Structure formats: structure tokens, C-alpha cells
Amino acid sequence: MAEADLLDVPALDKAAGEEFLQEAFGVILEEAVRRGTDVAEKVCDWKEPEDLRHLLDLELRGHGEPQPQVLQRCRDIIRYSVKTCHPRFFNQLFSGLDYHALAGRMITETLNTSQYTYEIAPVFVLMEEVVLQKLRELVGWGSGDGIFCPGGSISNMYAMNVARYHRFPDCKRRGLWALPRLAVFTSKECHYSIQKGAAFLGIGTDNVYLVGADERGKMIPAELEKQISQAQVEGAVPFFVSVTCGTTVLGAFDPLVAVADVCERHGLWFHVDAAWGGSVLLSQKHRHLLAGIERANSVAWNPHKMLTTGLQCSAFLLRNTSGLLHRCHSAGATYLFQPDKFYNVAWDTGDKTVQCGRKVDCLKLWLLWKAVGTEGLEKRVDRAFACTRYLVEEIKKREGFQLVMEPEFINLCFWFVPPSLRGKQAQADYWERLGKVAPAIKERMMKAGSMLVGYQPHGSKANFFRQIVTSPLVTRQDLDFFLDEIERLGRDL
Ligand SMILES: Cc1ncc(COP(=O)(O)O)c(C=O)c1O
């Protein structure tokens, strides 16, 4: 066919494409959704990387493959992927499946737009504002600003960048030349994204002052005062304090009111990393854990963790109403943000971000919220707490299980002590030997594919399990299974 004739027909066969999609949706529904959440099925089908590479036949070739083969590839991809929606996946701070949120994700993927202008994302520009406003209300702010970011790490970075710009507006133009040596404060239990952010923004990890925490992992405000003085003595200029609501490992909530007082006294930006614990604000019963959050200058909150919206859904919320976010990040590209558009260009919100194209992250949360209401979200948060409480009580009844501490949130941290180590705590090598138990059990569970749970050493503490339940699909049977399985996999160690 001549080159010009090729243009008379589309380059895709629409009918065949739709038929493929129909079948692919069938595969997704059957393999990823139904089997992926079936407790009779494995959480993972472990393969060594070399074997998996071979099984998947990943190489990309000159010729395309017939549709049945492509569909088989879809099945294989799902088969060998870890089922994070499975009721026995307790490995991450995100897990589980919400059917409405998933529909939202599918619509987002299908419409494939960018969140930057009203022109190409009218629905989502309006929707994002409504969702952010709702989250801000839960924080306790009647007004403010914000943006959905690609993850909590980035939301924390935004906080640092906006705080710096607020104090030193010249730095946007003059860069680091406009700045003294700046100091950031956070607890030693903070998420590592604070260090990454400091490195990325040119603040430097040496200028992140790690404030001491108590035995429950909460920042000690008096230590914060000391670190601020220390930084000043060292010639640095304190500007930013990040506290954590729901620390990654222990699930601790920093004392917000006391830290807010310190920030106020010293004129420091008060950021709350509530990426993990922010959703607790939905619970009347538990929201006291975040008392004082309304005094923050900014908040990072990841609904993709506790609310099971699916990755990614992370809100960066700002109390400031002066357009700071826009001033800090805007570049005013005239090919996107033309000032002479026929509609109100205040709705072209995309220049508040450091991105150009930005994925729609509000729809999955909005659709879920519409489907279950604020009451439904609250029930999920309360249910997650109830799951953890149930496990705590069970652990106390079972021989060989030892809590690292009573959880205040849903991070259940515990050791499993196999029979060979019970009563041997006085032995010099006890903790070294106990530290080998969790990795050994984890290897066995991955190879069995029966469940997944994380472990880590922490400070001076030897490896312990950190179990998290956020999935609304998890039942008491799954929780009992979890403890039984640890016992089964670890009793001969
Ligand atoms: C307290 C806290 N902050 C920030 C993050 C980073 O979030 P993300 O993984 O979305 O970048 C995490 C992740 O687990 C976290 O636990």
C-alpha cells in the first residue's frame, strides 16, 4: 500500500482491540481480582530471578504476537506477581482492594489525561479541589491549599520546598546562593524521605538534625529544643520541623501540641508527615492521636495506605491561602497556561506543582468516598484498629509470641520465639539467634506463598515482625491463620 493510502484507515483495528480488552478485563477480574483475593490461592508464587526471567520470556522482538499469546502473557504477569490485595498480605502499609477505588483507577487509566488544566481535565480539576477541601476539613482547616503528589515522599519534599520558599523567596531565582546553611528537624523515627528530600533540595543530609524519641518512638519536645540550639551554635539556620503521625515501623504519633509550641516560639515551619496515620482523622474514636494537627503549616497524607485507594494517592495540604504553592513552583509555560483563555484560568491549577503532566489521583478516593461515605471510611479505620487489638490479645495468650510494645496504632511489632530459644533470654547469644528467626520464617512463607509480612531490626532491637492490616477483606480467620502460620513455619527453628 502506498504511504498516503495508509492514512485512509486507522492504524488500529478497533473491533479487535475492543475484543482484546473485553478478554483482558475478564482475565483481570478472574486472575487478579477474584483469585488474587481468594485465601485458597497463594499470595505469591516465588521464583528465583533467573527462573522467572526464563518463564516470562521478557525479551522484546521484531514481530508482534497473536492475541491469545498476549492474553496468556497477561495471565502470567498476574500469576507471578505478588497479590497485594490478598487478605494474607500484611507486608506493607498499603494492602487490600477496594472495588470502587479500583474502578476509579481504571477510569483514570482509560481517560489518560493530565491534571494540569481545566481545558483537558475539567472533571478532575474540580474533583481534586473538593477532595483536598474535605481532607483539609478533617485536619481542622476551613481554608487552605494543596495538591495530590506522586507519593508521601514527594509530599514531604513539597513541604520542605514550600517552607524554604516562604522564608527565603529569593531562592527560587537565586538558588542555593540566596541561602544560609539551613537546618531541618525531625525525629530519629521519621521516614527516610525527609533525608532524601534534604539531599534532593540541596539542604544536605548533614543538616537534618535527628531529635531523640522516647521508648515508644515519639519525638521528645525538650530534645527538639536542644537540637535547635545545637544547630544555631553550629551556624545553621533552623527553618523546618517535620513530625510524624504514624511512624513507619512502630506506628508512633509525635506530640503535636508540644512541638507546635516549640515551632511557634522559634518561628519554624511545622510540617506533619501523616502519610501513614492521617486517615485516623476519620475516626471519632481514635482521632485524638492527632490532636493539634490543625496547628500545622502543612500536612502529608496518603489515602493509598490506610484507605486502600490503590497507589498512588498522596495529598500535600497547606494551611496558607496566599497562593504560596503556586508562587513557589510556577513557571508560567505559555503553551499550557495561556492567560487569555476564555474561561477562568484560576482553574488551571497545574502550575502549583513541579511536574508538567500529572496523573489523576483524586478519582479513586472520590469514588470510594461517594460509595461508602465518610461513615464507611470511618468504619474501615476503626476495623483496622480492631484487627490489631484482636491480634494483640491473641499474642498475649500464645506461648512464644512477644510484643515489642503495646501498639497505639495498627503497627503490630512482635517477636516469635521458637521453642529452642524459650527461657534462654539470659544467654549471651540470645538476641543474635532470635534476630535470625524472622528472616528464616519469612523465607519459608515466601516459598510456601501462604502469606507475607515484613520484618526489620530497629535501633538495638533484633529483627522483629511488623504486621499491618488495612484490608477490609481480612477476617478473624485470616488473623488466626497469620499467627498459626508463623508458629507452623518457625517451631523447628
Ligand atoms: C511516615 C511515612 N512517611 C512517608 C512515607 C512515604 O510515602 P510514599 O511511599 O508514598 O512515598 C511513608 C511510607 O511508608 C511513611 O511511612
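Residues numbered from 1 in each chain as written. Predicted model: local features only at pLDDT ≥ 70, side-chain atom pairs only at ≥ 80, totals over all residues. Heavy atoms only, no water.

Caption draft 1: Broad picture of the site of the ligand. In the vicinity of the ligand lie 14 residues, with Gly152, Ser153, Thr248, Asp273 and Asn302 positioned nearest. Within the side chain of serine 153, a nitrogen or oxygen atom sits 2.7 Å from an oxygen atom of the ligand. Within the contact set of the ligand, an oxygen atom lies 2.8 Å away from a side-chain nitrogen or oxygen of threonine 248. Of all the secondary-structure elements, those providing two or more residues to the shell around the ligand are helix H6 (152–167) and helix H11 (303–306). Looking at which element gives the most residues to the shell around the ligand, the answer is H6, with 3 residues. When the residues that make up the shell around the ligand are grouped by side-chain class, the tally is 2 nonpolar, 10 polar and 2 charged. (Near = heavy atom within 4 Å. Polar contact = N/O pair within 3.5 Å; in protein donor to acceptor, adjacent residues only side chain to side chain. Helix = DSSP H or I, 4+ residues; strand = E, 2+ residues; numbered from the N terminus. Nonpolar A, V, L, I, M, F, W, Y, C, P; charged D, E, K, R; others polar.)

Caption draft 2: Region of the structure containing the packing of H6 against helix H8 (residues 193–200). At a minimum axis distance of 9 Å, the contact between H6 and H8 shows a crossing angle of 50 degrees. Taken together, the axis directions place H6 and H8 in an arrangement best described as oblique. In this structure, the crossing between H6 and H8 has a hand that is right-handed. Where H6 approaches H8, its residues Ser153, Asn156, Met157 and Met160 are matched on the opposing element by Ser193, Ile194, Gly197, Ala198 and Phe200. Here the contact of H6 with H8 is composed, by residue class, of 5 nonpolar, 4 polar and no charged. (Axes fitted to C-alpha atoms, helices over the stretch in contact; angles between N-to-C directions. Parallel < 35°, antiparallel > 145°, perpendicular 65-115°, else oblique. Left-handed = near helix turned anticlockwise from the far one by under 90°. Contact = heavy atoms within 4.5 Å.)

Caption draft 3: Just the state of the cysteines, in detail. The final tally for this structure, using the stated rule, is 0 disulfides. Cysteine cysteine 149 is unpaired, with the sulfur of cysteine 313 as its nearest cysteine sulfur at 11 Å. In this model cysteine 171 remains outside any disulfide bridge; the closest cysteine sulfur is found in cysteine 328, 7.0 Å from its own. Overall, the relative accessible area of 11% leaves cysteine 171 in the buried class. (Disulfide = S-S within 2.5 Å. Buried < 20%, exposed > 50% of the residue type's maximum accessible area, 1.4 Å probe, protein only.)

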